[in-house]
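Breakdown of the fold
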Amino acid sequence: MSLFSSLFKFGSQNIAIDLGTANTLVYVEGQGVVLNEPSVVAIETINGVKKVKAVGDDAKMMMGKTPDSIEAIRPLRDGVIADIEVAEQMIKYFITKVNGKKSMFNPPEITICVPSGATSVERRAIRDAASNAGASQVYLIVEPMAAAIGAGMPVTEPIGSMVVDIGGGTTEVAVLSLRGLAYTTSVRTGGDKMDEALVSYVRRHHNLLIGETTAERIKKDFGVARPPADGVGQTIQIKGRDLVNGVPKEISINQAQIAEAMAEPISTIVEGVRIALENTAPELAADIVDQGIVLTGGGAMVEGLDAHMRDETGLPVTVAEDPLSCVAIGTGRAMEEPVYRTILQTA
Ligand SMILES: Nc1ncnc2c1ncn2[C@@H]1O[C@H](COP(=O)(O)OP(=O)(O)OP(=O)(O)O)[C@@H](O)[C@H]1O
């Protein structure tokens, strides 16, 4: 085997990254999604020196439970990079995890998605983080376009389609046609705001303090976008700290109350969709009446959200097949398939 072919064989594959507020997914050329871990980094400070202690799953397990010397950080907030240095460390860690040491000798091309509303400064921050993490070339793709490609929507055709990507930090609403965004808006509300709404509801109504992780678990397992048909739904027990006497306490809450708690962020998302529909050109709007709206992102999995949006807009609404992976799959397909190549932006 020649030196060239051995280098080629052992070279690193190009990769696509969905750098999300809540989760980071990595798609490797020819393999698909190979990594899906929380966007969390645990940093330990010893004698003023900061060191990465854990990344991804291991770091998330530490959230809310770390000693003073360790801080679990989410480097992305509201869909943009809040801590550039930590984000870079996280990207570097994930690239090495999928490509091993190969990336050092033969750096991969990286295609990475950015929120459609990201400013040029934010785009540069994401590009620099990927370059510093070892990319030979960085391409960007806007998140709703990636979500639509991942959901199998006809983005290259002269047909209007609407995608609503409900992530952790942001909800991206976009109308796409002929490889471009005909209209886009980004609402800084997503799954995180639903968690926060649950935390404050429980504090207000039960004087109980619960953590973000507990709130997220309640949302995922019992969250509903509208009150259950019987007006109550399932009742669950939740544990936290009593705000009056400071001791651990358990209370009961039902799904009607959970729906009430989550109502505000959900109506902000629906309002974003309504504004997008009002701003869509008539020909494209006519297509959306036929094609309907497709929901992607983890927030799309809140029970009854599709039905609620159908009632609010009067349009057909469906949830994509694999809502949590749509953006990563779409970013990966845009990297691999020549038909989407012109959609990619060189950073
Ligand atoms: N089964 C579920 N039901 C409700 N919400 C869920 C479910 N699974 C995941 N989520 C929520 O989806 C959100 C994460 O979605 P996703 O991974 O698409 O976001 P992201 O890409 O990381 O965020 P962003 O697009 O804002 O950068 C989190 O708020 C998470 O709690």
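Since we're looking at a predicted model, the values are computed, not measured.

Rules used in this analysis
Each chain carries its own residue numbering, running from 1 in the written order of its sequence. Given that this is a predicted model, residues contribute local features only at a pLDDT of at least 70 and side-chain atom pairs are listed and counted only at 80 or more, while totals for whole chains, interfaces and linings are drawn from all residues. Where each domain begins and ends follows an automated or database-derived domain assignment. Strands are runs of DSSP state E lasting at least 2 residues, helices are runs of H or I lasting at least 4, and numbering of each runs from the N terminus. UniProt positions are given in the numbering used here, feature names are shortened, and annotations may be inferred rather than shown by experiment. In this scheme the burial state of a residue depends on its C-beta neighbours within 10 Å: 20 or more other such atoms mean buried, 12 or fewer mean exposed, and anything in between means partly exposed; the C-beta positions come from the backbone. Throughout, a residue-residue contact means that the two C-beta atoms, derived from backbone geometry, are no farther apart than 7 Å. Helix span is expected to be 1.5 Å times the residue number reduced by one. The directions from the helix axis to the C-beta atoms form the arc being described. Here, any two strands with at least 2 DSSP bridges between them count as paired.

Before going further, it helps to examine the domain arrangement of the protein chain. A common way to express how large an interface is: the accessible area buried when the components associate. Splitting the protein chain by domain gives domain 1 (3–39 + 74–143 + 328–346), domain 2 (146–190 + 264–324) and domain 3 (191–262). Taken over C-alpha atoms, the centre of domain 1 sits 24 Å from the centre of domain 2. For the side of domain 1 that touches domain 2, the secondary-structure elements that each account for two or more residues are β7 (76–77), β10 (137–142) and α12 (326–336). Broken down by element, the residue count for the side of domain 1 that touches domain 2 peaks at five residues, all from α12.

Take the UniProt feature "binding site: ATP" (unreviewed entry) in the protein chain next. Taking the UniProt record as the reference, the feature "binding site: ATP" (unreviewed entry) is found at Thr21, Ala22, Asn23, Gly168, Gly169, Thr170, Glu216, Arg217, Ile218 and Lys219. By secondary structure assignment, the location of Gly169 is in the loop between β11 (161–166) and β12 (171–177). Residue classification places Gly169 among the buried residues on the basis of 23 C-beta atoms within 10 Å. Dropping the residues within four chain positions of it, Gly169 is found in contact with Thr21, Leu76, Arg77, Asp78, Gly79, Arg188, Gly190 and Asp192. Position of Arg217 relative to the elements: it lies in helix α8 (residues 212–222).

The end-to-end C-alpha distance of helix α5 (residues 120–132), which contains 13 residues, comes to 18 Å, matching closely the 18 Å that a straight helix rising 1.5 Å per residue would cover. If you check which residues of α5 are buried, you get Ile126, Arg127, Ala129 and Ala130. The buried residues of α5 occupy one face: seen down the axis, they fall within an arc of 160 degrees. The exposed set on the far side of α5, more than 90 degrees from its buried face, consists of Ser120, Val121 and Arg124. Downstream of α5 by one or two residues, Gly134 has phi in the positive range, about 115 degrees.

Extensive coverage of strand β2 (residues 23–28) is indicated by the burial of five of its six residues. In the sheet, strand β1 (residues 15–19) pairs with β2 via five bridges, with the strands oriented antiparallel. Residue pairing across strands places Ala16 opposite Tyr27, the latter belonging to β2. Counting the residues that bridge the hairpin from β1 to β2 gives three residues. By the bridge criterion, six bridges tie β2 to strand β3 (residues 32–38) in an arrangement that is antiparallel. By the bridge assignment for β3, Leu25 is matched with Asn36.

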